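The lines below spell out each chain.
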Amino acid sequence: MARQLAGLMKRSKRRIGISRSMLLCSIFAAVYFLLDWWILSSSEVPLSAGVTDFESQPRFFKEKRSNVMYDRLLALAAHSLAEADSRSEPHDLWTEPASAWKPCANVRRENHTLPPAPENSTGYILINANGGLNQQRVAICNAVAISRLLNATLVLPSFMLSNVWQDESQFGDIYQEEYFVNYLREDVYIVKSLPIEMQSLDLQAIGSFLSELDVMKESKPGFYIQRVLPILLRNRVVYFSGFGNRLSFDPIPFEIQRLRCRCNFHALRFTREIQAAGDLLVQRIHQNFPGQVPSVTRYLALHLRFEIDMVAYSMCDFGGGEPEKLELQAYRDVHFPMMAKYHNETELASTLRELGQCPLSPEEGALILAALGFKRGTRVFLAGAQIYGGQSRLTPLSTLYPNLVTKEDLLSEKELSPFANHSSQLAALDFIACTAADVFAMTDSGSQLASLVSGYRMYFGGGRLPIIRPNKKRLVSLFAKNSSIQWEEFRERVRKTIRENRKVHTRPTARSVYRHPRCEDCMCQAKE
């Protein structure tokens, strides 16, 4: 902790001088980052978990106000888009660099051994996964890997009911159970429940109950072998409550790592009902809008991580003045009480923005798309939950790109009704639309949805499914020049930043295979 504080303070001094107030602000920022790490490592519940409960309180979200932060750049972007109709788009806009990596996680080695039958295994592993769709997906595949590692039988994962999400969906409501069990039958023996004689056991009393506090985030295989295996051998069962991102990515045995990829990219199939609705959604996104000349349409999927939970948690300023500040402060008081002590640290917001820690707003997302060269008529599918600020906040984006649609725009109330009040099932529709898009763009590369969609497109894309990832730290310096920078310079610098992030590279050590599958554990390089 001391090293992190010292490093941040040193960088702050170089950048803004040795000012006591800014130095103090840097310390607050460092504490904020450590708090962020602590909260995310101790709980995988997504930050958007507070939206529904908060929005039900009538005193919030009443005031409609303008939040435009970059009026000059928006005017320049609008002018550029008006002229763009007579120009061709950049040649690499809808493509990505060719890649020799091909999917092969479904291939098992010749010496692959079959899993033991339940009566011959070390015991049964149960998990109760927390969070939303994407956190649950990671938890499922980690549980499969741990079961193989410990030679155990896996009970079909269950999902924790959040008192905020109020989504009672279980595995079979989202994924095809039989397909999952059968696809992995050569890797892990999976059953739907514990044997009858074990169902009445008091797992906490016998020491077989492990909460999220008992298992550190990204624990190494050695932890499970040394701590969990003895419990399995003694009691024949272990129950992980609040299970999520609790298995490290390195070092991991090759077969265990490949199994995680096999699970994520091959074994998990959405139910036929979800898949059918998702296919219909994609079909309608591709359809021409009324009045347009019939043609083969492409679309860009944009994931804006700009729900109120993310905005409030970020501690950043988004141009809404005192009303916005009070609104976000009230939200933090309800959902993030540990952050209340930082309410009055006004300099913290600017420091966080300089460090690239603030979520990109819809306005900033629109400027990036315009700078990259997407024409005004581009079909844009907007994925995610309710945007903080509503239509007022979306106005800059929808003005520059009027062909902006959501699943609620394209699917009727009747077509969405089977998934109503089931946030994970609705998120699955966004997942399908984003993975199928001709281009996928994100405003927050740390988002679970963005990470899993990126990994899926990287795994199956073969160079045909481009991904746009922003480097917020570099972009913030461009946005700060709203009053002076010329559009040509802004455009070229944005394109250079995005181009650098689109280079083909292998998975960095310790990074997620779900997000970065280009490694020999998950993929194979095609022979020339």
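We now turn to the structure provided with this report. Note that the structure is predicted; figures quoted are calculated from it, not measured.

The rules we used
- Residues numbered from 1 in each chain as written.
- Predicted model: local features only at pLDDT ≥ 70, side-chain atom pairs only at ≥ 80, totals over all residues.
- Heavy atoms only, no water.
- Helix = DSSP H or I, 4+ residues; strand = E, 2+ residues; numbered from the N terminus.
- Buried < 20%, exposed > 50% of the residue type's maximum accessible area, 1.4 Å probe, protein only.
- Contact = heavy atoms within 4.5 Å.
- Areas by Shrake-Rupley, 256 points an atom, 1.4 Å probe, with all protein chains shown as cover.
- Disulfide = S-S within 2.5 Å.
- Axes fitted to C-alpha atoms, helices over the stretch in contact; angles between N-to-C directions.
- Parallel < 35°, antiparallel > 145°, perpendicular 65-115°, else oblique.
- Left-handed = near helix turned anticlockwise from the far one by under 90°.
- Nonpolar A, V, L, I, M, F, W, Y, C, P; charged D, E, K, R; others polar.
- Pairing = 2+ DSSP bridges.
- Core = buried A, V, L, I, M, F, W, Y, C linked by side-chain atoms within 4.5 Å.
- Phe/Tyr/Trp six-rings, centres within 6.5 Å; stacked < 30°, edge-to-face > 60°.

### Considerations on the overall build of the protein chain
And then number 1: The helix and strand tally for the protein chain stands at 21 helices and 13 strands.
And then number 2: Among the 528 residues that make up the protein chain, the fraction classed as buried is 55%.
And then number 3: Expressed as a percentage of contacts within the protein chain between residues at least 6 apart in sequence, the contacts between residues at least 24 apart total 81%.
And then number 4: On the protein chain, roughly 23,700 Å² of surface is accessible, and the fraction owed to carbon and sulfur atoms is 53%.

### Here's the deal with the state of the cysteines
And then number 1: According to the stated counting rule, one finds 4 disulfides in the structure shown.
And then number 2: Here C316 is linked by a disulfide to C358, with a sulfur-sulfur distance of 2.0 Å. Classification of the bridge connecting C316 and C358 rests on its S-S torsion, roughly -90°, and on that basis the disulfide is left-handed. Of this pair, C316 sits in the loop between α11 (308-314) and α12 (321-335) while C358 sits in the loop between α13 (346-354) and α14 (362-372), and the two are 42 residues apart along the sequence.

### Description of the packing of α14 against helix α15 (residues 390-400)
And then number 1: Taken N-terminus to C-terminus, the directions of α14 and α15 make an angle of 20°; their axes are 7 Å apart at the nearest point. Considering their axes alone, α14 and α15 lie roughly parallel with respect to each other. Classified by chirality, the crossing of α15 by α14 is left-handed. Between α14 and α15, the residues in contact are P362, E363 and A366 and R393, L394, P396, L397 and L400, respectively.
And then number 2: The residue makeup of the contact of α14 with α15, split by class, is 6 nonpolar, no polar and 2 charged.

### Thoughts on the pairing of strand β8 (residues 299-303)
And then number 1: Taken across its 5 residues, β8 has 5 buried, putting it largely inside the fold.
And then number 2: Of the two faces of β8, the one carrying Y299, A301 and H303 and the one carrying L300 and L302 are both buried.
And then number 3: For β8 and strand β9 (residues 379-383), the ladder comprises 5 bridges, and the chain directions are parallel. By the bridge assignment for β9, H303 is matched with A383.
And then number 4: Sheet topology note: the β8/strand β11 (residues 439-442) ladder contains 4 bridges and is parallel. Bridge pairing in β11 places L302 opposite A441.

### Focus: the pairing of β9
Along a regular strand, successive side chains alternate from one face of the sheet to the other.
And then number 1: Buried residues dominate β9, accounting for 5 of its 5 residues.
And then number 2: Both faces of β9 are covered, namely the face carrying R379, F381 and A383 and the face carrying V380 and L382.
And then number 3: Two strands pair when backbone bridges link them, and β9 and strand β10 (residues 404-405) are joined in this way by 2 bridges, in the parallel orientation. Bridge assignment links F381 to a residue of β10, and that residue is V405.

### Notes on the sheet that holds β11
Think of a sheet as strands paired side by side through backbone hydrogen bonds, with each pair either parallel or antiparallel.
And then number 1: Here we have 5 strands laid out as an open sheet, ordered β10-β9-β8-β11-β12, and parallel in their pairing. Every other strand in the sheet has two partners, leaving β10 and β12 (467-468) as the edge strands with one partner each.

### Topic: α13
And then number 1: Listed in full, the buried residues belonging to α13 are L348, A349, T351, L352 and R353.
And then number 2: G356, located one to two residues past α13, shows a positive phi value of around 75°.

### Structural notes on the environment of S193
And then number 1: Position of S193 among the secondary structure elements: in the loop between β5 (190-191) and β6 (209-210).
And then number 2: Taking C-alpha positions, S193 is 9.5 Å from Y124, a pair spaced 69 residues apart along the chain.
And then number 3: Beyond its immediate chain neighbours, meaning those up to four positions away, S193 contacts V155 and Q199.

### Considering the nonpolar core
And then number 1: Ranked by internal contacts, the top residues of the largest apolar core, which has 83 residues, are I125, L150, F180, Y224, F240, F270 and F381.
And then number 2: When near neighbours in sequence (up to four residues on either side) are disregarded, L150 contacts T122, I125, Y224, I225, V228, L229 and L232.
And then number 3: L302, A366, L367 and I485 belong to the second largest nonpolar core, which has 55 residues in total.

### Quick look at the packing of aromatic side chains
And then number 1: Summed over the entire model, instances satisfying the criterion amount to 24 aromatic pairs.
And then number 2: Each ring, one from F240 and one from F243, has its centre 5.3 Å from the other, and the planes form 50°; the classification is tilted.
And then number 3: The class for F243 is buried, based on a relative accessible area of 2%.
And then number 4: Between F306 and F318 the ring centres are 5.1 Å apart and the planes differ by 90°, which places this aromatic pair in the edge-to-face class.

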